[in-house]
Amino acid sequence: MRRKLVAGNWKMHGTLTDNDVLLTAVLAGMADVKAQVAVCVPFPYLAQVQAKLAGSAVAWGAQNMSQHAKGAYTGEVSAAMLNDFGCRYVIVGHSERRAIYGETDAVVAEKYAAAQAAGLIPILCVGETLSEREECITEQVVGRQIDAVLAKSGVASLAKAVIAYEPVWAIGTGVTASPDQAQAVHAFIRGKIRALDAGIADSLVIQYGGSMKAGNAAELLAQPDIDGGLIGGAALVADDFLAICKAG
Ligand code: PGA
């Protein structure tokens with residue numbers, strides 16, 4: 001039985017004060033939450049979040065990392081550095097990284113491998129753009145994004161990873177994929193993995209992301225292949241985030 005994972009992706013939001021208020025409220029509401037919960041925060045706040053969440057039911061992580069271990073990479077952050085701050089998760093291949101920072105499937109696969117090599121759990125984001133959906137190539141795009149990781153790290157690596165299906169057209173737009181639309185892609189992903197390794201497919205957590213909020217989380221999370229959420233905007237409001245966590 002897969003346990004649901006609800007992870008907040010704060011993106012480039014937060015202040016020391018706001019984070020403290022948000023996390024205090026989240027921690028106070030965790031008693032009724034059955035899902036696993038995590039927050040992926042901007043790098044400068046990792047120390048704060050580690051101090052605040054250590055020993056609690058809420059795990060933490062980062063939103064990106066370098067594929068390189070160390071060296072002359074000005075402005076980059078390594079997996080080992082994330083380990084220094086107790087991270088459990090790191091998001092790799094978020095569509096904003098792919099679209100704005102030009103991260104290719106190959107780079108994302110390197111980041112995924114580097115994260116696992118350091119003992120971090122990568123949350124691998126995949127998803128199609130609106131035009132790709134309109135062209136009916138969603139499965140090809142998502143399949144290609146996953147294949148890049150499989151080619152480098154193999155299917156067994158998915159025992160220590162999470163996949164987040166995030167249709168790009170649903171991220172930050174207020175337009176959520178319908179439960180049927182999301183379930184169809186989740187089933188495609190799990191089926192693709194099942195063809196390689198049934199045990200891994202059954203235990204793989206596949207999150208949905210893209211305008212998931214308190215009002216639509218229960219319906220999405222009730223789908224058989226949706227095992228949690230990667231939450232952007234709604235993760236910045238404690239009541240909204242907690243409502244999603246409780247829906248899981
Ligand atoms: P959103 O973002 O919930 O604000 O749509 C999700 C994400 O980008 O991970």
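Please refer to the structure higher up on the page.
I will try to describe carefully the structure that is included in this document. (Residues numbered from 1 in each chain as written. Predicted model: local features only at pLDDT ≥ 70, side-chain atom pairs only at ≥ 80, totals over all residues. Heavy atoms only, no water.)

## Comments concerning the packing of helix α5 (residues 105-117) against helix α7 (residues 138-153)
Move 1: Closest axis-to-axis distance for the α5/α7 pair is 9 Å, and the angle between their directions is 50°. Classed by the angle they form, the pair α5 and α7 counts as oblique. Helix-helix and strand crossings are classified by hand; for α5 and α7 the assignment is right-handed. Between α5 and α7, the residues in contact are Asp105, Ala109, Glu110, Tyr112 and Ala113 and Arg144, Gln145, Ala148, Val149, Lys152 and Ser153, respectively.
Move 2: Residue composition of the contact of α5 with α7, by class: five nonpolar, two polar and four charged. (Axes fitted to C-alpha atoms, helices over the stretch in contact; angles between N-to-C directions. Helix = DSSP H or I, 4+ residues; strand = E, 2+ residues; numbered from the N terminus. Parallel < 35°, antiparallel > 145°, perpendicular 65-115°, else oblique. Left-handed = near helix turned anticlockwise from the far one by under 90°. Contact = heavy atoms within 4.5 Å. Nonpolar A, V, L, I, M, F, W, Y, C, P; charged D, E, K, R; others polar.)

## Let's talk about the site of the ligand
Move 1: Around the ligand sit 13 residues in total, of which Lys11, His94, Glu166, Gly172 and Ser211 are the nearest.
Move 2: At 3.4 Å, a side-chain N or O of Asn9 approaches an oxygen atom of the ligand.
Move 3: A distance of 2.9 Å separates an oxygen atom of the ligand from a polar atom in the backbone of Gly232.
Move 4: Surface burial for the ligand is 95%, taken as the share of its 280 Å² of free accessible area covered by protein chains. (Near = heavy atom within 4 Å. Polar contact = N/O pair within 3.5 Å; in protein donor to acceptor, adjacent residues only side chain to side chain. Areas by Shrake-Rupley, 256 points an atom, 1.4 Å probe, with all protein chains shown as cover.)

## Considerations on the layout of surface pockets
Move 1: Estimated volume of the largest pocket: approximately 490 Å³.
Move 2: In terms of lining, the largest pocket is formed by 19 residues, of which the most central are Lys11, Met12, Gln63, Arg97 and Tyr101.
Move 3: For the lining of the largest pocket, the element with the highest residue contribution is helix α4 (residues 95-100), accounting for three residues.
Move 4: Of the residues contributing to the lining of the largest pocket, the split by class is nine nonpolar, six polar and four charged. (1 Å grid on protein atoms, 1.4 Å probe; cavity = no way out; pocket = protein on both sides within 12 Å on 5 of 7 lines; lining within 4 Å. Points joined across faces, edges and corners; volume = space filled by probe spheres on them.)

## Section: the environment of Asp84
Move 1: You can see Asp84 is positioned in helix α3 (residues 79-84).
Move 2: Remark: the alpha-carbon pair of Asp84 and Asp240, spanning 156 residues in sequence, is separated by 30 Å.

## Let's talk about the packing of α7 against helix α8 (residues 179-194)
Move 1: Contact geometry of α7 with α8 gives a least axis separation of 11 Å together with a crossing angle of 40°. Between α7 and α8, the interaxial angle falls into the category oblique. Every pair of crossing elements has a handedness; the one defined by α7 and α8 is right-handed. Listed contacts from α8 to Thr138, Glu139, Val142, Gly143, Ile146, Asp147 and Leu150 of α7 are Val185, Phe188, Ile189, Lys192 and Ile193.

## Section: the pairing of strand β1 (residues 5-9)
Consecutive side chains of a regular strand alternate in pointing toward one face of the sheet and then the other.
Move 1: Of all five residues in β1, five are buried; the element is thus mostly enclosed.
Move 2: Of the two faces of β1, the one lined by Leu5, Ala7 and Asn9 and the one lined by Val6 and Gly8 are each fully buried.
Move 3: Across five bridges, the pairing between β1 and strand β2 (residues 36-40) is parallel. Residue Val6 lies in a different strand from β2, and its bridge partner there is Val37.
Move 4: A crossover links β1 with its parallel partner β2, the connecting element being helix α1 (residues 16-28), and its sense is right-handed.
Move 5: When β1 meets strand β8 (residues 228-231), the two strands line up parallel, connected through four bridges. Within the sheet, the bridge partner assigned to Leu5 lies in β8 and is Gly228. (Buried < 20%, exposed > 50% of the residue type's maximum accessible area, 1.4 Å probe, protein only. Pairing = 2+ DSSP bridges. Right-handed = clockwise from strand over helix to strand, strands pointing away.)

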